[in-house]
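# Reading the structure
Below, each chain spelled out in residue letters.
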Amino acid sequence: MASTTSSQPQQINVADLDLQQLSDVRRQLEEELNHLTNSFAQLKQAQAKFKSCIENVGEVKPQNKGTTILVPLTNSLYVPGHLSDAENVIVDVGTGYYVKKSRAQATKYYETKVEYIRTNLDTLQETIQKKQENMNYLINVMQAKLQQPQAQPSKA
């Protein structure tokens, strides 16, 4: 029975902590906020990449068949090529795997990715807001504790 209670995180009233402990909690909250904010930015970049892929798939049209295009080899290296199949595209599905899909399938695939990331961004945004509220409360408690010693000697 002791093992079930020890797995539960204990809630501690931050007002009961001394300034050193409050400072440690603040540092930990700052690290968590930095990590979450970085993750949020990375997800935004991934979402923008998938939205760009949707636009790129939209540019592949049957009337462009046989035209000369620039084919990306890397993010900054493009080589000339000819569009031989305007109905299908190659989709990077991750970890070096590519799949041939129709334009409609590719668009749906990327739209699904964008939506999935959007839901993760919403969840992450809520978490960041809660952490920010915790940080603000913690700062208020620290300021109150810093003002307490100043108020006590004036009464004595």
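If you look the chain up in an unreviewed UniProt entry, it shows as Prefoldin from Suillus placidus. Per UniProt, the chain has the following entry under Sequence similarities (unreviewed entry): "Belongs to the prefoldin subunit alpha family."

A few words now on the overall build of the chain. Scanning the chain for helices and strands turns up 3 helices and 4 strands. The secondary structure elements of the chain, listed N-terminal to C-terminal, are α-α-β-β-β-β-α. Relative to its full complement of 156 residues, the chain shows a buried share of 19%. Long-range contacts, defined here as pairs at least 24 residues apart, represent 56% of the contacts in the chain between residues at least 6 apart. About 11,800 Å² of surface is accessible on the chain, with carbon and sulfur atoms providing 52% of the total.

Turning to the pairing of strand β2 (residues 78-82), a few remarks are in order. Summarising the sheet, strand β1 (residues 68-72) and β2 pair through 5 bridges and their orientation is antiparallel. Along β2, the bridge assignment pairs L70 with P80. Counting the residues between successive antiparallel strands, the hairpin from β1 to β2 contains 5 residues.

For helix α2 (residues 19-59), which comprises 41 residues, the first-to-last C-alpha distance of 60 Å matches the rise-based estimate of 60 Å (1.5 Å per residue) to within 8%. Burial in α2 covers these residues: L22, L29, L33, L36, S39, Q47, F50, C53 and V57. Two or three places before Q20, at the opening of α2, D18 has a side-chain oxygen 3.2 Å from that residue's backbone nitrogen.

Mapped onto the secondary structure, Q47 falls in helix α2. Looking at Q47, the relative accessible area reads 7%, which means it is buried. Discounting chain neighbours no more than four positions away, the residues touching Q47 are V114, I117, R118 and L121.

Cut-offs and rules
- Residues numbered from 1 in each chain as written.
- Predicted model: local features only at pLDDT ≥ 70, side-chain atom pairs only at ≥ 80, totals over all residues.
- Heavy atoms only, no water.
- UniProt positions renumbered as here; feature names shortened; annotations may be inferred.
- Helix = DSSP H or I, 4+ residues; strand = E, 2+ residues; numbered from the N terminus.
- Buried < 20%, exposed > 50% of the residue type's maximum accessible area, 1.4 Å probe, protein only.
- Contact = heavy atoms within 4.5 Å.
- Areas by Shrake-Rupley, 256 points an atom, 1.4 Å probe, with all protein chains shown as cover.
- Pairing = 2+ DSSP bridges.
- Expected span 1.5 Å × (residues − 1).
- Polar contact = N/O pair within 3.5 Å; in protein donor to acceptor, adjacent residues only side chain to side chain.

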